[in-house]
Amino acid sequence: MKKLLSVAAILLSLSAYSGQQAVADNTPVKVESRVGNVAITDNSPADAIATYPTRGKAIARSFAEQPPLIPHKDSYSITTDKNGCLTCHSWDKAKRMKATPVAKSHVVDDKGTVNGMNYFCVQCHVAQADNKQELVENTFTTK
Ligand code: HEC
Ligand code: HEC
């Protein structure tokens, strides 16, 4: 046991030295910001903010069986413990939150327990917004 401990001590002291090799090269590192040579005091214009359809209004569906579009922001977190969407759309809370309860096809019992396959809401439902600027560059033309 004693022998083992001293071997461990030697190994430890060796590893303590290994990180201390001096860097001989003193040439300055050239760092350049990804936005280029812009003075830090310059303000960049704010991005345009997306606007969502009027609160409380559903968007007409375009075809049968379409997952209805989300008329509000969709950045509610969904984890295994808590589903941000269900704080308003679950069967027991929807009425009070003035939201439509999740569809019957999404639940497994008469208490409105959401089916595992329908738990990750934004897999099917997408938010609609009037974006003042392109989210991705688009060069599409019809000609
Ligand atoms: C703060 C409460 C609240 C939260 C949180 C919330 N919603 Fe809503 N949602 C509403 C309200 C109010 C409406 C408008 C009334 C309606 O159509 O249900 C709505 C509408 C919708 C609609 C349209 C329903 C229809 O019949 O056209 C969908 C789909 C939807 N939400 C999905 C979601 C999803 C997915 C999430 C999570 C990313 C979410 N909602 C989070 C309150 C909420
Ligand atoms: C696998 C795709 C899918 C997932 C995941 C999903 N939905 Fe849906 N949802 C649909 C479809 C399709 C419809 C329309 C047909 C129907 O009512 O079943 C719908 C309908 C709805 C409606 C309208 C119900 C009505 O009576 O008009 C609401 C509200 C809704 N979903 C909310 C949610 C919420 C909240 C979640 C997450 C807990 C979710 N959905 C997960 C596909 C999905």
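Worth saying up front: this structure is predicted, and the values here are computed from it rather than measured. (Residues numbered from 1 in each chain as written. Chains lettered and ligands numbered in written order. Predicted model: local features only at pLDDT ≥ 70, side-chain atom pairs only at ≥ 80, totals over all residues. Heavy atoms only, no water.)

### Things to note about the site of ligand 2
Around ligand 2, the structure places 22 residues, and the nearest of them are S105, H106, C121, C124 and H125. Within the side chain of R61, an N or O atom sits 2.9 Å from an oxygen atom of ligand 2. Contacts to ligand 2 include H106, whose side-chain N or O atom sits 2.7 Å from a nitrogen atom. Split into classes, the residues belonging to the shell around ligand 2 amount to twelve nonpolar, eight polar and two charged. (Near = heavy atom within 4 Å. Polar contact = N/O pair within 3.5 Å; in protein donor to acceptor, adjacent residues only side chain to side chain. Nonpolar A, V, L, I, M, F, W, Y, C, P; charged D, E, K, R; others polar.)

### Here we look at the coordination of the iron atom of ligand 1
Each pair of donors in an ideal octahedron of six around a metal sits at 90 or 180 degrees, and each pair in an ideal tetrahedron of four sits at 109.5 degrees. For the iron atom of ligand 1, the full set of protein donor atoms is H72 (NE2) and H89 (NE2), at a range of 2.0 Å. Around the iron atom of ligand 1 sit six donor atoms, and with donor-metal-donor angles ranging over 87 to 179° the site reads as octahedral. Taken together, the residues H72 in the loop between α1 (2-18) and α2 (86-89) and H89 in helix α2 connect sequence positions 17 residues apart. H89 gets classed as partly exposed once you look at its relative accessible area, which sits at 24%. (Donors = N, O, S within 2.8 Å, 3.2 Å for Na, K, Ca; no water. Tetrahedral: all angles 85-135°; square planar, octahedral: opposite > 155°, others 65-115°. Helix = DSSP H or I, 4+ residues; strand = E, 2+ residues; numbered from the N terminus. Buried < 20%, exposed > 50% of the residue type's maximum accessible area, 1.4 Å probe, protein only.)

### Here we look at the site of ligand 1
Around ligand 1, the surrounding shell holds 22 residues, and the nearest of these are H72, C85, C88, H89 and T100. Contacts to ligand 1 include H72, whose side-chain N or O atom sits 2.8 Å from a nitrogen atom. The separation between a nitrogen atom of ligand 1 and a polar side-chain atom of H89 is 2.8 Å. Tallying contributions element by element places α2 first for the shell around ligand 1, with three residues. A breakdown of the residues in the shell around ligand 1 according to their chemical character gives twelve nonpolar, seven polar and three charged.

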